[in-house]
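Spelled out from the first residue to the last, the chains are:
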2 protein chains.
Amino acid sequence: MPNYRLTLCYEGTRYRGWQKQGNAENTIQGKLEAALSRLLSEPIEVSGCGRTDAGVHAREQVCSFRSQTPLDCAETLQALRRVLPEDIGAIALIEAEPRFHARLSCQSKTYCYRIRTSEIPDVFTRRFVLPCPGSLDVNAMRAAAAQLTGERDFAAFCSLKNSKKSTVRKLWRIDFQEAGDELRLYYTGDGFLYNMVRSLTGTLLEVGLHRREAADMPLILSSRDRAKAGFTAPALGLSL
Amino acid sequence: MPNYRLTLCYEGTRYRGWQKQGNAENTIQGKLEAALSRLLSEPIEVSGCGRTDAGVHAREQVCSFRSQTPLDCAETLQALRRVLPEDIGAIALIEAEPRFHARLSCQSKTYCYRIRTSEIPDVFTRRFVLPCPGSLDVNAMRAAAAQLTGERDFAAFCSLKNSKKSTVRKLWRIDFQEAGDELRLYYTGDGFLYNMVRSLTGTLLEVGLHRREAADMPLILSSRDRAKAGFTAPALGLSL
């Protein structure tokens, strides 16, 4: 069966996240599978590289799917753009090698968390950027971030407990980008636990606001206790 | 009575424009006057520098109003931010000199029309940027724009007929800014007729798509006939 690689962007605001849940209509995977199945007149199952939570956006979600019959990629992409809702955008569609699988083949992912440090509201980015007025100590945040990267047990930054599954992940880098009134945190790693980026961001924000110390990061990690880390930053600021 | 100058930004998507219309609730002026009147416990009337149409946004709308009692500007600004809807943002509030009036004192305004030239959808800017996939001949658009600036009778670019009122305006400049997949047109002038920026943009887009010639601009202007000019570009791409 021919195998395809589809790249999507979406605004997650009105969805319950990427992953189909029972009969939940309002998921991005659900909307996409329905659109593709209708277009191609066969049941299509899609795999996504990252399972974004409810309200989280994607600038570039890589997906894969197989179809019974070979597709004209350019034509299918155009058709898909016509049928997808306006908050889901199809960026590219190409034929993939037979063994490609969006989730299993994915070697690293980057999430971006956007923070607005000005107290002046910006109505145009309000769905994508968390307002956090006041001065953030970015140097302290960098010092804390440096202690969170590497191959570590991130149990303290995971909101969903499942004692059987490993909570060890490789977090390669946390990059800081400051531009005007915005601070962006880029997290690159091999995989992320449930709410991991949001709780890392909440913890770094608390460091930036001097509500906790950068030096406390090793203690939080070794506690493996979610209650010891910072708050879970809202979904709206996050995108894959 | 103390006089104040308030700067706003707003996303116009769900409003019927700036100006109050009878009992129309869904106008930006209406929302703002209701919020200020409630906050200050007195009826407040607001004047705006530009009357944006339904669906048009503002990055910086300057308003003025008078109150019976002197205000603490910083405090009132904070309070206003708490009570305004999330798609209206209060940027700044200062005391103004007694004779300042947002509309009458306004000497020039700049509108920006944003156009996305890529065929790849961008879900994050879809409410603010008009998609116009395909190649635009920007040089031809510049040549046409050069013939539209100056003090001219813009009757051919006005959708609302009122034979008693002058349709002469000074359009100082039309600036082009190209960045990545986006083309921005900035219109600066002393005042604008109803739908003027949108019909200028529609006409320039038709030139960019080679559906009409840059050399036709003088004929369109002298016709004073709306039907001779191009289409009215959608409101969503426009902001004050």
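Up top you'll find the structure we're talking about.
This one's a predicted model, so the numbers in the text were calculated from it and none came from an experiment.

The rules behind each value
Residues numbered from 1 in each chain as written. Chains lettered and ligands numbered in written order. Predicted model: local features only at pLDDT ≥ 70, side-chain atom pairs only at ≥ 80, totals over all residues. Heavy atoms only, no water. Helix = DSSP H or I, 4+ residues; strand = E, 2+ residues; numbered from the N terminus. Rg over C-alpha atoms; globule rule 2.2 N^0.38 Å. Buried < 20%, exposed > 50% of the residue type's maximum accessible area, 1.4 Å probe, protein only. Contact = heavy atoms within 4.5 Å. Areas by Shrake-Rupley, 256 points an atom, 1.4 Å probe, with all protein chains shown as cover. Lys, Arg positive; Asp, Glu negative; His and termini not counted. Charge placed at Lys NZ, Arg CZ, Asp CG, Glu CD. Least-squares fit on C-alpha atoms with pLDDT ≥ 70 in both. Salt bridge = Lys/Arg side-chain N within 4 Å of Asp/Glu carboxyl O. Phe/Tyr/Trp six-rings, centres within 6.5 Å; stacked < 30°, edge-to-face > 60°. Lys NZ or Arg CZ within 6 Å of the ring centre and 35° of its normal. Pairing = 2+ DSSP bridges. Axes fitted to C-alpha atoms, helices over the stretch in contact; angles between N-to-C directions. Parallel < 35°, antiparallel > 145°, perpendicular 65-115°, else oblique. Left-handed = near helix turned anticlockwise from the far one by under 90°. Polar contact = N/O pair within 3.5 Å; in protein donor to acceptor, adjacent residues only side chain to side chain. Buried area = accessible area lost by both parts, 1.4 Å probe. Nonpolar A, V, L, I, M, F, W, Y, C, P; charged D, E, K, R; others polar.

### Regarding the overall build of chain A
1) Next: When helices and strands are tallied, chain A shows 5 helices and 10 strands.
2) Next: Computed over its C-alpha atoms, the radius of gyration of chain A comes to 19 Å, within 12% of the 18 Å expected for a compact globule of 240 residues.
3) Next: In terms of its C-alpha atoms, chain A occupies a principal-axis envelope of roughly 55 × 45 × 30 Å.
4) Next: Per-residue burial for chain A yields a buried fraction of 55% across its 240 residues.
5) Next: Counted over contacts in chain A with a minimum sequence separation of 6, partners at least 24 positions apart contribute 69%.
6) Next: Surface accessibility of chain A: about 11,500 Å² in total, with carbon and sulfur atoms responsible for 48%.
7) Next: Considering chain A, the positive charge centre built from 33 side chains and the negative charge centre built from 27 side chains are found 4 Å apart.

### Re the relation of the copies chain B and chain A
1) Next: Taken as rigid bodies, chain B and chain A are interconverted by a rotation of 180° and an axial shift of 0.0 Å, the fit giving an RMSD of 0.0 Å. Such values leave the two copies arranged in the relation of a two-fold axis.
2) Next: Mapped onto chain A, 100% of the interface residues of chain B again fall at the interface, so both copies present the same surface.

### Section: the pattern of salt bridges
1) Next: Under the defined criterion, the tally for this structure stands at 30 salt bridges over all chains.
2) Next: Arg114 of chain B is the salt-bridge partner of Glu182 of chain B, the closest N and O atoms lying 2.6 Å from each other. Of this pair, Glu182 of chain B sits in strand E9 (residues 182–189) while Arg114 of chain B sits in strand E5 (residues 109–116), and the two are 68 residues apart along the sequence.
3) Next: Residues joined by salt bridges that share partners form a network here, namely Glu11, Glu86, Arg126 and Arg127 of chain A together with Glu11, Glu86, Arg126 and Arg127 of chain B.

### Observations regarding the packing of aromatic side chains
1) Next: In the structure shown here, the tally under the stated rule is 10 aromatic pairs over all chains.
2) Next: Sitting over the ring of Phe124 of chain B, Arg59 of chain A keeps its end group 4.1 Å from the ring centre.

### Regarding unusual backbone geometry
1) Next: One non-glycine residue, His210 of chain B, lies in positive phi territory at about 60°.
2) Next: Position of His210 of chain B among the secondary structure elements: in the loop between helix H4 (196–208) and helix H5 (217–223).

### Points about the pairing of E9 of chain B
Residue and element names in this part refer to chain B.
1) Next: Counting buried residues along E9, 6 of its 8 residues qualify, which places the element largely inside the surrounding structure.
2) Next: Where E5 lies against E9, 8 bridges are found, and the strand directions are antiparallel. Within E9, the residue paired with Arg114 across the bridge is Arg184.
3) Next: Two strands pair when backbone bridges link them, and strand E8 (residues 168–179) and E9 are joined in this way by 8 bridges, in the antiparallel orientation. Across the sheet, the residue bridging to Asp175 is Tyr186, located in E9.
4) Next: Between the antiparallel neighbours E8 and E9 lie 2 residues, among them Gly180 with a positive phi of about 60°.

### Considering the packing of helix H3 (residues 138–146) of chain A against helix H4 (residues 196–208) of chain A
Residues and elements named next belong to chain A.
1) Next: Running from N to C, H3 and H4 cross one another at 140°; their axes reach a closest spacing of 8 Å. On the basis of their axis angle, the class for H3 and H4 is oblique. Relative to H4, the crossing made by H3 is right-handed. Note on element contacts: H4 touches H3 through Leu204, Leu205, Val207 and Gly208, opposite Ala140, Met141, Ala144 and Ala145.

### Considerations on the sheet that holds strand E4 (residues 88–95) of chain A
All names here are of chain A.
1) Next: Across the sheet, which stays open at both edges, the 4 strands sit in the order E2-E3-E1-E4 with antiparallel pairing between neighbours. If you trace the sheet from one side to the other, it starts and ends with strand E2 (46–48) and E4, each paired once. Going from strand to strand, the sheet's axes swing by 30° on average, the running direction of each strand aside.
2) Next: By the bridge criterion, 7 bridges tie strand E1 (residues 3–10) to strand E3 (residues 58–66) in an arrangement that is antiparallel. Opposite Leu8, over in E3, you have Gln61 as the bridge partner.

### Concerning the environment of Thr149 of chain B
All names here are of chain B.
1) Next: With respect to the helices and strands, the residue Thr149 is situated in the loop between helix H3 (138–146) and strand E7 (150–153).
2) Next: On the accessibility criterion, Thr149 (19% relative accessible area) is buried.
3) Next: Spatially, the C-alpha atom of Thr149 lies 32 Å from that of Ala92, the residues being 57 residues apart in sequence.
4) Next: Reaching out from Thr149, the side chain makes a polar contact with the backbone oxygen of Ala146 at a distance of 3.4 Å.

### Some details on the interface of chain B and chain A
A common way to report how large an interface is uses the accessible area buried once the components associate.
1) Next: Contact residues are listed per partner, giving 22 residues for chain B and 22 residues for chain A.
2) Next: Taking both sides of the interface into account, the surface hidden between chain B and chain A amounts to around 2,000 Å²; carbon and sulfur atoms contribute 58%.
3) Next: In this assembly, chain B and chain A are joined by 8 salt bridges.
4) Next: The shortest N-O distance in the salt bridge between Arg126 of chain B and Glu11 of chain A comes to 2.8 Å.
5) Next: Taken together, chain B and chain A are joined by 8 residue pairs in polar contact (both at pLDDT 80 or more).
6) Next: Residue assignment for the side of chain B that touches chain A shows that the elements contributing at least two residues are strand E1 (3–10), strand E3 (58–66), helix H2 (73–83) and strand E4 (88–95) of chain B.
7) Next: Of all the elements, E4 of chain B adds the most residues to the side of chain B that touches chain A, at 4 residues.
8) Next: Partitioned by chemical class, the residues of the side of chain B that touches chain A number 11 nonpolar, 3 polar and 8 charged.

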